[in-house]
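Reading the structure
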Amino acid sequence: MRIDVVTIFPELFGPFLETSLLGAAREAGRIALEVHDLRRWTHDRHRSVDDVPYGGGPGMVLRPEPLVEAIEALAGPKASRSATVILLSPQGAPFDQAGARALAAEGHVVLVCGRYEGVDQRAIDLAVDRELTIGDYVLSGGEVPAMVVIEAVARLVPGVLGNPASVATESFGTASLEGPQYTRPAVFRGLEVPAVLRSGNHAAIARWRAEQAWEWTRRRRPDLLGRRREEGS
Ligand code: JDQ
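It should be emphasised that the depicted structure is a prediction, and the values quoted were computed from it without experimental measurement. (Residues numbered from 1 in each chain as written. Predicted model: local features only at pLDDT ≥ 70, side-chain atom pairs only at ≥ 80, totals over all residues. Heavy atoms only, no water.)

**Some thoughts on the sheet that holds strand β6 (residues 108-113)**
This is how the line gets drawn: Two strands are said to pair when DSSP picks up at least two bridges between them. Labels follow the DSSP assignment, with helices taken as runs of H or I lasting at least four residues and strands as runs of E lasting at least two, numbered in each case from the N terminus. Working convention: axes come from line fits to C-alpha atoms, limited for helices to the stretch in contact. Angles between N-to-C directions cover 0 to 180 degrees.
Read from one edge of the open sheet, five strands run β2-β1-β6-β5-β7, paired in parallel fashion. Because the sheet does not close on itself, it has two edges, and the strands there are β2 (32-37) and β7 (130-133). Sheet twist, expressed as the average angle between the axes of neighbouring strands with direction ignored, equals 30°. Bridge analysis of strand β1 (residues 2-7) against β6 gives five bridges, and the strand direction is parallel. Pairing of Arg2 across the sheet is with His108, part of β6.

**Some thoughts on the environment of Trp216**
Filter applied, for reference: We call two residues in contact whenever any of their non-hydrogen atoms come within 4.5 Å of each other.
By the secondary structure assignment, Trp216 is in helix α8 (residues 202-220). Taking the C-alpha atoms as reference, Trp216 lies 24 Å from Arg155; in sequence the two are 61 residues apart. Aside from chain neighbours lying at most four places away, what touches Trp216 is Leu177, Glu178, Gly179, Pro180 and Arg221.

**A closer look at the environment of Gln212**
We apply this condition: Partly exposed describes any residue whose relative accessible area lies between the buried limit of under 20% and the exposed limit of over 50%, with all areas from a 1.4 Å probe on protein chains only and scaled to the type maximum.
Within the fold, Gln212 resides in helix α8. Taking relative accessible area as the criterion, Gln212 reaches 22% and is therefore assigned partly exposed. In this structure the C-alpha to C-alpha distance between Gln212 and Asn201, which are 11 residues apart in sequence, comes to 16 Å. Once residues lying within four places of it in the same chain are set aside, the contact partners of Gln212 are Gly179 and Pro180.

**Describing the site of the ligand**
Put simply, the rule is: What makes a residue near a molecule or strand is one non-hydrogen atom of that residue sitting within 4 Å of it. Each polar contact in these results corresponds to two N or O atoms within 3.5 Å; when the atoms are within protein, one needs to be able to donate a hydrogen and the other to accept it, and residues that are neighboring in sequence are counted only if both atoms are side-chain atoms. What sets the accessible areas is the Shrake-Rupley method with a 1.4 Å probe; for residues, cover comes only from the shown protein chains. Cavities and pockets were defined on a 1 Å grid built over protein atoms only: a cavity is a set of grid points that admits a 1.4 Å probe from which the probe cannot escape, a pocket is an open set flanked by protein on both sides within 12 Å along at least five of seven lines, and lining residues are those with an atom within 4 Å of any such point. A molecule is said to be in a cavity or pocket once over half of its atoms fall within 2 Å of that pocket's grid points.
Residues in contact with the ligand amount to 17 residues; listed here are only the nearest, Leu88, Thr133, Gly135, Tyr137 and Leu139. Thr133 places a polar side-chain atom, nitrogen or oxygen, 2.9 Å from a nitrogen atom of the ligand. One of the backbone N or O atoms of Ile134 is found 3.3 Å from a nitrogen atom in the ligand. Contact with the protein chains hides 86% of the accessible area of the ligand, taken as 470 Å² for the molecule alone. A molecule is said to occupy a pocket when more than half its atoms come within 2 Å of that pocket's grid points, and by this definition the ligand occupies the second largest pocket. Top element by residues in the shell around the ligand is strand β5 (residues 84-94). It accounts for three residues.

**Section: the layout of surface pockets**
Convention followed: Grid points are joined across faces, edges and corners, and a volume is the space filled by probe spheres set on the points.
Each pocket or cavity is described by its volume, and for the second largest pocket that value is around 420 Å³. If you trace the second largest pocket, you find 25 residues lining it, with Leu88, Ser89, Pro90, Gln91 and Gly118 closest to the centre. For the lining of the second largest pocket, the secondary structure elements donating two or more residues are β5, α5 (121-127) and β7. At five residues, β5 tops the list of elements feeding residues into the lining of the second largest pocket.

**Quick word on the packing of aromatic side chains**
Applicable threshold: Any two of the Phe, Tyr and Trp rings considered here, Trp counted by its six-membered ring, make a pair once their centres fall within 6.5 Å; the pair's planes then place it as stacked at under 30 degrees, edge-to-face at over 60, or tilted in between. We call a charge positioned above a ring when the Lys NZ or Arg CZ atom is no farther than 6 Å from the ring centre and deviates by at most 35 degrees from the ring normal.
The final tally for this structure, using the stated rule, is zero aromatic pairs. Above the plane of the ring of Trp216 lies Arg220, whose end atom (NZ or CZ) is 3.8 Å from the centre.

Right, dumping it as structure tokens:
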């Protein structure tokens, strides 16, 4: 799988892409990940990417020319491309685990990070296929949302996770939370690890974990249980 990122802050991605899972996946050739500075597609002396909004108002808007040039250089024109071009924006459709699974199955995704007060609408109309939001809170740009999408998608790409068992658990369990986890010591500040987990009875352990997961989901995220039934999963 190939992921290209277009941003005016490429330096934000450095350690994120080099560390742990993503660094290993890139070195193993499982995933091709490139971050591109939008200013590369400017032509003026000041390499300007923003301008004042038509109609007035505060802040600046990302200019359409560099953005459309960047996207077309990386993905080709909208009419004849196989890549999916995604703009991270507060106006997008909600990104969730099902969306991550769908993206992980694609060959080439281009993630476009906006900044300022947003992006000239003509660039969106001409060059963007979809808009995604990572949640209903206001950020200052699309870089952190792009990292969220990359991390959620990369771990679903075949061969990226060291431990495919955890992906398998998630594939039927996305709509429910996991229960509590414990590691050593068996007693910490007087608090004991539940005896069943130390019993060696694997059937009892699996049953207890399923009960805990159900109970946590019911108490903390009942919305997920409703969704599970809707999805029929
Ligand atoms: C941009 C902005 C207009 C905030 C500029 C580009 N989930 C999510 N929250 N916020 C964003 C995504 C996001 C993404 C890209 C962005 C915010 N801004 C700032 C512009 C209204 C609100």
